[in-house]
Amino acid sequence: MNEFPPIECKSLSKVYRGIRGEQVVAFHDISLQIQRGEFVTLIGPSGCGKTSLLYMLAGFETKTSGDMLVDGKGIKGPGSDRAVVFQEYALFPWLNLRRNIEYGPRERRVPQAEMQVSVDGMLRTVGLEAAAMRYPHELSAGMRQRAALARVLVNEPKILLMDEPFAALDAQTRLSLQRELSRLSEAMNLTVLFITHSVEEAVLLGDRVLVMTARPGRIFADVPVSFARPRDPTDHEFNDCRRAIEDLLKQATNPSVGEYAC
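For clarity, every value in this text was computed on a predicted model and none was experimentally measured. (Residues numbered from 1 in each chain as written. Predicted model: local features only at pLDDT ≥ 70, side-chain atom pairs only at ≥ 80, totals over all residues. Heavy atoms only, no water.)

## What about the overall build of the protein?
Rules: The helix and strand labels rest on DSSP assignments: H or I over at least four residues marks a helix, E over at least two residues marks a strand, and numbering proceeds from the N terminus. For a compact globule the rule gives 2.2 Å times the number of residues to the power 0.38, and the radius of gyration it is set against comes from C-alpha atoms. A simple rule labels every residue: compare its accessible area, found with a 1.4 Å probe on the protein chains alone, to the largest value its type can have, and call it buried under 20%, exposed over 50%, or partly exposed in between. Here, two residues are considered to be in contact whenever any of their heavy atoms come within 4.5 Å of each other. Each accessible area is a Shrake-Rupley estimate made with a 1.4 Å probe; only the visible protein chains count as cover when residues are assessed.
A count of helices and strands for the protein gives seven helices and ten strands. In terms of overall dimensions, the protein is globule-like: its C-alpha atoms have a radius of gyration of 19 Å, near the 18 Å expected for 262 residues. Expressed as a percentage of its 262 residues, the buried residues of the protein come to 50%. Long-range contacts, defined here as pairs at least 24 residues apart, represent 69% of the contacts in the protein between residues at least 6 apart. When the accessible surface of the protein is summed, it comes to about 13100 Å², and 49% of that surface belongs to carbon and sulfur atoms.

In structure tokens:
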């Protein structure tokens, strides 16, 4: 029996109505597959439709034409199989960290004993056991993003959709969370689509890097990143790949698609 890819888009397009009534094409004719357990990073100029694509896969927005499938089935709205992590931490300020992480299991009516075991395990996984009773305003930016990640992972999603989750963090905290996410995604066999504006971050995390053109966005190049993890941004192989993708970004308005592999 053939297994469907967790994420598949076929000739997918999105058109918005502008403020003057005009049509605005966010992206056009996007076709892609993301396989189970694959970590795919998505990069492109501002306004090329990256976030619109992610929101459509999350079920927050509808398509204009084409197909978008999760496990071979059309997306009709948000689902527990897909979790979204935003740049903003999306924590409830009136709940402490433990209660924030418990929110999803409580909504799903998970039994108390089972919920406690899973929440305790997730707190250990993200290194926040000692902060369990603190409120979001008492946490550092990095701790808040760890908490936001824990809050979605405790629900055991199959797919993780991430919209520049580390963009607002300082360099040291960002690198720490990048490594943590890479470890967790592999350990939990998560299928990840990760939007970023950082070429270095795209290469550090991705099994593949998708490069989009300016609006209307299209997939300009699909770059496999085959060298082993953990990846060192100072390594020559890493920097060769980074430069190749930077070059692709510069070419992204050219209709001819280059083929690169790192």
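## Here we look at the sheet that holds strand 2 (residues 23-34)
The strands making up a sheet associate through backbone hydrogen bonding, with each pair oriented either parallel or antiparallel. The line we're drawing: We treat two strands as partners when DSSP finds at least two bridges between them.
Read across the sheet, four strands follow the order 2-1-4-5 without closing on themselves; strand pairing throughout is antiparallel. Every interior strand has two partners, whereas the edge strands, strand 2 and strand 5 (73-74), have only one. The pairing of strand 1 (residues 7-17) with strand 2 spans eight bridges and is antiparallel. Bridge assignment links I7 to a residue of strand 2, and that residue is I34.

## Focus: the packing of helix 4 (residues 141-153) against helix 5 (residues 171-187)
Rules: In this analysis, axes come from line fits to C-alpha atoms, helices being fitted only over the stretch in contact, and the angle between any two N-to-C directions falls in the range 0 to 180 degrees. Reported orientations rely on four angle classes, namely roughly parallel under 35 degrees, roughly antiparallel over 145, roughly perpendicular from 65 to 115, and oblique for the rest. The handedness criterion is simple: a crossing whose near helix is rotated anticlockwise from the far helix by less than a right angle is left-handed, and one whose near helix is rotated clockwise is right-handed. Think of it as three bins: nonpolar holds Ala, Val, Leu, Ile, Met, Phe, Trp, Tyr, Cys and Pro, charged holds Asp, Glu, Lys and Arg, and polar takes everything else, Gly as well.
At a minimum axis separation of 10 Å, helix 4 and helix 5 run at an interaxial angle of 20 degrees. Relative to helix 5, helix 4 is oriented roughly parallel. Pair helix 4 / helix 5 crosses with right-handed handedness. Where helix 4 approaches helix 5, its residues G142, Q145, R146, L149 and L153 are matched on the opposing element by T173, S176, L177, E180, L181 and L184. Looking at the contact of helix 4 with helix 5 residue by residue, the class counts come to five nonpolar, four polar and two charged.

## What about the side chain of D163?
Operational definition: None of His or the chain ends enter the tally, which takes Lys and Arg as positive and Asp and Glu as negative. When a carboxyl oxygen of Asp or Glu is within 4 Å of a side-chain nitrogen of Lys or Arg, the pair counts as a salt bridge. What qualifies as a polar contact is a pair of N or O atoms within 3.5 Å, subject to a donor-acceptor requirement within protein and to the restriction that residues adjacent in sequence count only when both atoms come from side chains.
Tracing the backbone shows D163 in strand 7 (residues 159-163). Buried within the structure, D163 lacks any salt-bridge partner; its nearest side chain of opposite charge belongs to K50, at an N-O separation of 7.4 Å. For D163, the side chain forms a polar contact with the side chain of T51, separated by 3.3 Å. Excluding anything up to four places from it in sequence, D163 contacts T51, L54, Y55, V85, F86, Q87 and I195.

## Concerning the sheet that holds strand 9 (residues 208-212)
Spatial ordering of the open sheet is given by 6-7-8-3-9-10, a layout of six strands whose pairing is mixed. Looking at the sheet topology across the chains shown, the edges are occupied by strand 6 (82-85) and strand 10 (219-224). In this sheet, adjacent strand axes meet at a mean angle of 15 degrees when their direction is disregarded. Two elements, strand 6 and strand 7, share four bridges in a ladder whose sense is parallel. Bridging from a neighbouring strand, R82 pairs with I159 of strand 7. Each of strand 3 (39-43), strand 6, strand 7, strand 8 (191-195) and strand 9 is contacted by helix 1 (residues 50-58), which is oriented at about 150 degrees to strand 7, the strand it contacts most.

## Some points on the pattern of salt bridges
For the coordinates displayed, the defined rule picks out 16 salt bridges. For D71, the salt bridge identified is with K158, shortest N-O distance 4.0 Å. Placement of the pair is D71 in the loop between strand 4 (65-70) and strand 5 and K158 in the loop between helix 4 and strand 7, with a sequence separation of 87 residues. Among the ionic pairs, R183 bridges to E180, the shortest N-O distance being 2.7 Å. Here E180 and R183 lie together in helix 5, a separation of three residues that amounts to about one turn. The partly exposed category is assigned to R183, whose relative accessible area is 42%.

## Here we look at helix 4
Just so we agree on the cut-off: The span one expects for a helix is its residue count, reduced by one, times 1.5 Å.
The terminal C-alpha atoms of helix 4, which comprises 13 residues, lie 18 Å apart, in line with the 18 Å expected from a rise of 1.5 Å per residue. The buried fraction of helix 4 is high, at ten of 13 residues. Residues of helix 4 that are buried: G142, Q145, R146, A147, A148, L149, A150, R151, V152 and L153. Packing partners of the buried residues in helix 4 comprise strand 6, helix 2 (97-107), helix 3 (112-125), strand 7 and helix 5.

## Brief notes about the nonpolar core
Let me state the cut-off plainly: Only buried residues count toward a nonpolar core. Its members are Ala, Val, Leu, Ile, Met, Phe, Trp, Tyr and Cys residues joined through side-chain atoms within 4.5 Å.
L149, L153, L160, M162, L181 and F194 are the most contacted members of the largest nonpolar core, which has 35 residues in total. Those elements giving two or more residues to this core turn out to be strand 6, helix 2, helix 3, helix 4, strand 7, helix 5 and strand 8. Setting aside residues no more than four positions away along its own chain, L160 makes contact with A83, V85, L149, V152, L153, L181, L190, T191, V192 and L193. Of all hydrophobic cores here, the second largest spans 26 residues; its members include F27, C48, L161 and L210.

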